[in-house]
Amino acid sequence: MKKRILIIGACGQIGTELTMYLRDKFGNHKVIASDIREGDDELMESGPFEILDAMDYNAIEEIVIRHEISDVYLMAAMLSATAEKFPMKGWNLNMDSLFHVLNLAKEKKIKKIFWPSSIAVFGPSTPKQNTPQHTIMEPSTVYGISKQTGERWCEYYFNRYGVDVRSIRYPGLISYKTLPGGGTTDYAIDIYHKAIKHKKYTCFLNAETTLPMMFMDDAIKATVNIMEADSEKIKIRSAYNLAAMSFNPEEMTASIQKHIPKFKINYEPDFRQKIADSWPQSIDDTHARKDWGWESKIALDEMTEIMLRNLIEKY
Ligand code: NAD
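Predicted model only: the values in this text are computed from it and were never measured.

S.K.: Any chance you could explain helix 9 (residues 249–257) here in plain terms?
M.R.: The α-helix advances 3.6 residues per turn, and as a result positions three or four apart in sequence lie on the same side. Among the residues of helix 9, those classed as buried are Pro249, Met252, Thr253, Ser255 and Ile256. Along the axis of helix 9, the buried residues cluster in a sector spanning 160 degrees; they form a single face. Buried residues along helix 9 sit in contact with helix 7 (187–197), strand 10 (200–203), strand 13 (245–247), strand 14 (264–267) and helix 12 (300–314). The N-cap residue of helix 9 is Asn248: its side-chain oxygen and the backbone nitrogen of Glu250 are 3.0 Å apart.

S.K.: What's the story with the site of the ligand in this structure? I'm lost.
M.R.: Lining the immediate environment of the ligand, one finds 27 residues, of which Gln13, Asp35, Asp53, Ala54 and Tyr143 sit closest. Between the ligand and Gly12, the relevant distance is 3.0 Å, taken from an oxygen atom to a main-chain nitrogen or oxygen of the residue. Asp53 has a polar side-chain atom sitting 2.8 Å from a nitrogen atom of the ligand. Notes on the ligand: free accessible area 830 Å², of which the protein chains cover 91%. Those elements giving two or more residues to the shell around the ligand turn out to be helix 1 (13–26), strand 6 (117–118), helix 6 (142–161) and strand 9 (172–174).

S.K.: Is there a simple way to think about the pattern of salt bridges in this case?
M.R.: A side chain with one charge can pair with a side chain of the opposite charge if their charged atoms come near. What the rule picks out here adds up to 17 salt bridges. A salt bridge links Lys3 to Glu228, with the nearest nitrogen and oxygen atoms 2.9 Å apart. A residue pair is termed long-range when its members are at least 10 positions apart, and Lys3 in the segment before strand 1 (5–8) and Glu228 in helix 8 (residues 216–228) qualify at 225 residues. Residue class for Glu228 comes out partly exposed when judged on its relative accessible area of 30%. The partner of Arg66 in a salt bridge is Glu50, and the shortest N-O contact between them spans 2.9 Å. With Arg66 in helix 3 (residues 57–66) and Glu50 in strand 3 (residues 49–51), this residue pair connects regions lying 16 residues apart in the sequence. The exposure class assigned to Arg66 is partly exposed, which follows from its relative accessible area of 44%. In this structure Glu50 comes out as buried when scored by relative accessible area, which is 15%. Among the charged side chains, a network of salt bridges with common partners joins Lys3, Asp71 and Glu228.

Reading the values: the criteria
Along each chain, residues carry numbers from 1 onward, in the same order as the chain's sequence is written. Only residues with pLDDT of at least 70 get local features here, since the model is predicted, and only at 80 or more are side-chain atom pairs given and counted; chain-wide, interface and lining totals rely on the full set of residues. Each side-chain value is derived from all of the structure's non-hydrogen atoms; neither hydrogens nor water enter the calculation. Only protein chains enter the accessibility calculation, which uses a 1.4 Å probe; a residue is then buried when its area is under 20% of its type maximum, exposed when over 50%, and partly exposed in between. Only runs of H or I of at least four residues qualify as helices and only runs of E of at least two qualify as strands under DSSP, and these elements are numbered from the N terminus. Here, the arc refers to the directions that run from the helix axis to the C-beta atoms. Contacts are assigned to residue pairs that have any heavy atoms within 4.5 Å of one another. Pairing of N or O atoms within 3.5 Å defines a polar contact, subject to two protein rules: one partner must be a possible hydrogen donor and the other a possible acceptor, and residues neighboring in sequence count only if both atoms are side-chain atoms. For this purpose, a residue is taken to be near a molecule or strand whenever a single non-hydrogen atom of the residue falls within 4 Å of it. The method behind every accessible area is Shrake-Rupley, applied with a 1.4 Å probe, and residues are considered shielded solely by the protein chains displayed. Note on definitions: salt bridges are taken to be side-chain nitrogens of Lys or Arg within 4 Å of carboxyl oxygens of Asp or Glu.

Structure representation (structure tokens):
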């Protein structure tokens with residue numbers, strides 16, 4: 001089977017950049033983007049696009065057969081903050097879409113799956129510092145429960161049916177190309193936009209909330225690297241811990257003030273504070289480094305420089 005890629009949920013924060021990266025790497029016509037809505041001009045004009053509902057098994061199967069798809073990246077999901085508002089909708093989308101893709105692979109209609117997990121699989125009883133790969137996992141959000149359950153099913157489908165599914169527990173991802181999609185780490189993107197536009201920002205988490213984060217370029221490279229690694233190197237078939245940096249809103253403010261000295265932040269924590277408090281502060285990603293050579297490249301100050309430069313250009 002030749003490599004042809006389908007991205008489901010391609011128009012979101014990760015999917016948009018992932019699609020462009022994969023089109024660059026494998027050729028525009030080999031990467032089919034799909035979503036329930038259209039994406040930005042660059043994505044829509046650079047290669048094939050299909051309107052596709054990740055809840056509709058028959059529609060996914062039809063597109064997989066018509067385009068002779070080998071690899072599926074399933075990026076459609078309801079994120080942490082939004083899923084707390086619509087628990088059953090979040091659960092149904094996050095679980096049904098995963099089962100559809102796992103079952104297509106079980107039936108040998110596709111070869112390989114990437115499905116993202118999250119640091120939200122951890123909960124208040126998990127050790128917060130340098131959180132190990134294997135540890136207590138009692139997530140307290142609908143989103144976290146769906147990701148933890150998803151991880152169990154991925155491992156089950158690998159062990160029971162030999163389904164080649166690969167996954168990463170992404171930390172909060174920061175990027176300038178698309179806006180974030182309703183997660184608890186969204187502040188770390190919004191803050192840059194507001195710093196440029198208004199020189200002030202009201203943060204929905206408190207000053208000391210340290211969370212694991214990653215710049216999008218690192219996340220995209222990790223995603224494609226784990227998918228392209230030899231199968232025998234992927235020893236963990238639930239999901240890999242992955243880390244790049246950890247910081248809190250106060251440290252982020254200091255990083256921005258190096259470029260915009262007048263920038264001011266104030267704090268009005270909302271319901272997302274409780275979600276953030278249940279997550280780790282830093283992650284041990286030894287297994288990803290050892291098994292398939294993961295290495296992060298971008299830290300806070302470099303990320304701030306890239307974010308501000310690109311957003312200033314955009315505005
Ligand atoms: P996003 O919300 O920005 O994008 C999701 C995309 O899925 C959107 O374009 C949306 O239109 C689409 N979608 C929603 N319902 C759909 C449906 N029924 N059928 C088809 N498409 C549908 O999310 P993202 O930030 O790009 O996240 C992608 C994946 O990565 C998710 O599984 C998310 O849980 C995971 N993740 C993201 C982060 C982060 O910081 N962004 C962190 C951890 C994990």
